[in-house]
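These are the residues of each chain, in order.
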Amino acid sequence: MPEEVISIQNVRRSFGTTRVFSDVSLALGTSSVYGLVGLNGAGKTTLLRILLGLLKPDQGQCRVLGDDPWRHEPAYYRKLGVVLEHNGFSGNLSACQNMEFFARARGLDRQALDTYLAGRWSGVAALEKRQKVKYFSRGEKMQCALCRAFMGSPPVYFLDEPVVALDVKAYDHFCGLVRDAREGGATVIISSHQLDAIEDLCDTVGILENGTLTPLAETGAGGTPWLVRCENRPEYGAAIADAAGAKPAYARGAWRFTVPPGDREAVPRLVAKLAGMGCAIEEVRENSDGLRESIRRHYGASGSTERGGR
Amino acid sequence: MRGMLTVFGNEWTGFLRSDRSVFTIYAILVLVWSIVLASNMNLLALDANILWWVFFSVVVSSNFANTTFVSERLTGSLEIVLTCGLSRMAILLGKIAYVIFMSVVLGLLCYAFGILWALIAGEDAVLMLQTMNLAQLILVYLSACFMNACCGAWLSVHLTNPRLSHFANLLVLGLVVGGHAVISTLTPLSAWVLPGVLCAAGVLFLLLAARGFAGEKVVQPFTV
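Note that the structure is a prediction, hence the values are computed from the model and not measured.

Caption draft 1: Up close: the overall build of chain B. When helices and strands are tallied, chain B shows 9 helices and 0 strands. Listing every helix and strand of chain B by position from the N terminus yields α-α-α-α-α-α-α-α-α. Out of the 224 residues belonging to chain B, those deemed buried represent 42%.

Below is the structure:
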């Protein structure tokens, strides 16, 4: 693993007599996007709050970029991009006025803010409105919160439910920001019930349950999962591997594989190839329920009941 | 200092862009209170006049402390502000400075209108200004505002029910001023004792609020 950016070791935390974490450990390096999933009340937000220094672990150690979050150093916070449940904006101010405040708090001057807004957020209506933020829709407020989080390109991001209420365009924009941040070496933790987003963006996923954090899946670093329902023949597997550029797996009557991001021709190419081989294809579709299935299987195995989800 | 000014500026800009109804309410408050004060603007009622100012300070300061500290904690906005890159002390001091500033602005408006009403009612302006101990009045009012703002910040961290913050603030001020009144009946006290006690109490509440802001209780949600 590259240089360790986030290190959580044996963290325990209780609220009164309720134990939220009994033993949580996690290590993340640079250029990684980590998905944090779990049922409602599992402790996802609590874990992010500990990483933000808003809560103190009862036991164990947390280090982010070598800093102890509980020291509440302003320099530490300037290295973080944060989205939490509440947007934290001054409702009487416009989006732009709010951004000015947060830019000043981060030590950015007006010119840096203007450059950032013009470069990454031009054409986003929410940021150009002169209206007070309190009259914004939920999605618009979330766009502003994302704009604030990515301001100054910090090296670490803690994003709690960052895609709630985003429209298609805003969601794509957010995905672009996260991918760019990862390419720039940033470490991102996304806590969400929106499994599509987790699957689209995260390299690895962990599930918080019964006070522990269990690695759940490697999602394929942003690739799109697909399935082709047809016979299980080795030559079909080889054809899929050739067309998609990744080794497929045959399970429950279908070949499952990941198409790299941006390769729009991979699936048509594959279908043509299989058809040319005389393969009787019953179904071709995006296998977007991969992570969901994994989570269901996980809860099935652990005896819990899934209440979260899309 | 820069962080404190950033927080102060944000609060002030937010107030300036408040809805019209907010300004109307404050205008009514100032006008009504200035009439009450105008009726006491003479030498004989100096002590009573000062107590009216102290009472006015708690009405104004606790209200601004409520919107600045309590509502932010209640809505969860404070979590974002605490993680935005400013020190917690700068955030606390910036907000306290804003509460004091707003209380002083409204106090000045109230004072100006009070004089206007007294003049309209036929008071002798020169005699009135000569007989009032302005320095004492200003000092008591400022120290009361300081104590109320710091007390409001402290209460915002520790009260589980935000609806009680106004009353709790009033109770604390009442205890300080009442204690001073009781002691002054037993033994003559200098005119500077009351502002001194208010300032000392303010410093104590500031330290307690700073301790609360450094802990995790400041972001725990209220139980309403």
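Caption draft 2: Structural context of the overall build of chain A. What chain A contains, in helices and strands, is 11 helices and 13 strands. Its C-alpha radius of gyration of 21 Å places chain A within 12% of the 19 Å reference for a compact globule of 310 residues. Among the 310 residues that make up chain A, the fraction classed as buried is 44%. Sequence separation of at least 24 residues holds for 68% of the intrachain contacts in chain A that already meet a minimum separation of 6.

Caption draft 3: Geometry of the sheet that holds strand β10 (residues 224-229) of chain A. Residue and element names in this part refer to chain A. As summarised here, the arrangement of the 4 strands in space is β11-β12-β10-β13, forming an open sheet in which the pairing is antiparallel. The open sheet terminates on both sides in strands that have one partner only, identified here as β11 (249-251) and β13 (283-286). Averaged over neighbouring strand pairs, the angle between their axes works out to 25 degrees when direction is ignored. Examined bridge by bridge, β10 and strand β12 (residues 254-259) share 5 bridges and lie antiparallel to one another. Bridged to Val228 within β12 is Trp255.

Caption draft 4: Quick peek at the environment of Leu54 of chain A. Take Leu54 of chain A: it is sitting in the loop between α1 (44-51) and β4 (59-64). Residues Leu54 of chain A and Pro69 of chain A, spaced 15 residues apart in sequence, show a C-alpha to C-alpha distance of 8.2 Å.

Caption draft 5: Broad picture of helix α5 (residues 88-120) of chain B. If you check α5 of chain B, its first and last C-alpha atoms are 48 Å apart, about what 33 residues at 1.5 Å a residue would give, namely 48 Å. Once α5 of chain B ends, the next one or two residues include Gly122 of chain B, with phi positive near 100 degrees.

Caption draft 6: Fine view of the packing of helix α3 (residues 95-105) of chain A against helix α1 (residues 2-16) of chain B. Between α3 of chain A and α1 of chain B, the shortest axis-to-axis distance is 10 Å and the interhelical angle comes to 170 degrees. The orientation of α3 of chain A with respect to α1 of chain B, classified from their angle, is roughly antiparallel. Listed contacts from α1 of chain B to Gln97, Phe101, Arg104 and Ala105 of chain A of α3 of chain A are Thr6, Asn10 and Thr13 of chain B. Along the lines of polarity and charge, the residues of the contact of α3 of chain A with α1 of chain B split into 2 nonpolar, 4 polar and 1 charged.

Caption draft 7: Summary view of the confidence of the model for chain A. Looking at chain A as a whole, its pLDDT mean stands at 84, while 91% of the residues score no less than 70. Overall, residues 303-310 of chain A carries pLDDT values under 50, and its contacts beyond four positions in sequence, including any with other chains, amount to 16 contacts.

Caption draft 8: Quick look at the domain arrangement of chain A. The domain architecture assigned to chain A consists of domain 1 (4-218) and domain 2 (224-290). The straight-line distance from the C-alpha centre of domain 1 of chain A to that of domain 2 of chain A is 35 Å.

Caption draft 9: Examining α3 of chain A more closely. For α3 of chain A, a buried count of 9 out of 11 residues is recorded, marking the element as mostly surrounded by other parts of the structure. Here α3 of chain A has its buried residues at Ala95, Asn98, Met99, Glu100, Phe101, Phe102, Ala103, Arg104 and Ala105 of chain A. Where the residues of α3 of chain A are buried, they touch α4 (110-120), α5 (125-128) and α6 (138-150) of chain A together with α1 of chain B. Directly after α3 of chain A, the chain includes Gly107 of chain A, whose backbone phi takes a positive value near 80 degrees.

Caption draft 10: Here's a closer look at the environment of His72 of chain A. Along the chain, His72 of chain A turns up in the loop between β4 and α2 (74-77). Taking the C-beta count within 10 Å as the criterion, His72 of chain A has 18 such neighbours and is therefore assigned partly exposed. Between the C-alpha atoms of His72 of chain A and Asn87 of chain A, which are 15 residues apart in sequence, the distance is 20 Å. Leaving out residues up to four positions away in the same chain, His72 of chain A has contacts with Gly53 of chain A together with Arg88 and Ala214 of chain B.

Caption draft 11: Broad picture of the confidence of the model for chain B. Residue and element names in this part refer to chain B. Confidence along chain B averages 83 in pLDDT terms, with 89% of residues attaining 70 or more. Across chain B, element-level confidence peaks in helix α9 (residues 193-214) with a mean pLDDT of 91 and bottoms out in helix α6 (residues 125-131) with 62. Two numbers describe this predicted complex: its pTM, 0.80, and its ipTM, 0.83.

Caption draft 12: Main features of the nonpolar core. Residues Val188 and Ile190 of chain A together with Cys150 of chain B are the most contacted members of the largest nonpolar core, which totals 137 residues. A total of 13 residues in this core trace back to one element, the largest contributor, which is helix α7 (residues 134-158) of chain B. Not counting residues within four places of it along the chain, the set of residues in contact with Val188 of chain A comprises Val33, Tyr34, Tyr157, Leu159, Val178, Ala181 and Arg182 of chain A.

Caption draft 13: Inspection of the interface of chain B and chain A at higher detail. Between chain B and chain A, the contact holds 22 residues from the first and 25 residues from the second. Mapped onto the side of chain B that touches chain A, the elements with two or more residues apiece are α1 and α4 (77-82) of chain B. With 5 residues, α4 of chain B is the largest single contributor of residues to the side of chain B that touches chain A. Of the residues in the side of chain B that touches chain A, the class split is 7 nonpolar, 11 polar and 4 charged.

Thresholds, definitions, all that
- Residues numbered from 1 in each chain as written.
- Chains lettered and ligands numbered in written order.
- Predicted model: local features only at pLDDT ≥ 70, side-chain atom pairs only at ≥ 80, totals over all residues.
- Helix = DSSP H or I, 4+ residues; strand = E, 2+ residues; numbered from the N terminus.
- Buried ≥ 20, exposed ≤ 12 C-beta atoms within 10 Å, placed from the backbone.
- Rg over C-alpha atoms; globule rule 2.2 N^0.38 Å.
- Contact = placed C-beta atoms within 7 Å.
- Pairing = 2+ DSSP bridges.
- Axes fitted to C-alpha atoms, helices over the stretch in contact; angles between N-to-C directions.
- Expected span 1.5 Å × (residues − 1).
- Parallel < 35°, antiparallel > 145°, perpendicular 65-115°, else oblique.
- Nonpolar A, V, L, I, M, F, W, Y, C, P; charged D, E, K, R; others polar.
- pLDDT = per-residue confidence, 0-100.
- Domains from an automatic or database assignment.
- Core = buried A, V, L, I, M, F, W, Y, C linked by C-beta atoms within 7 Å.

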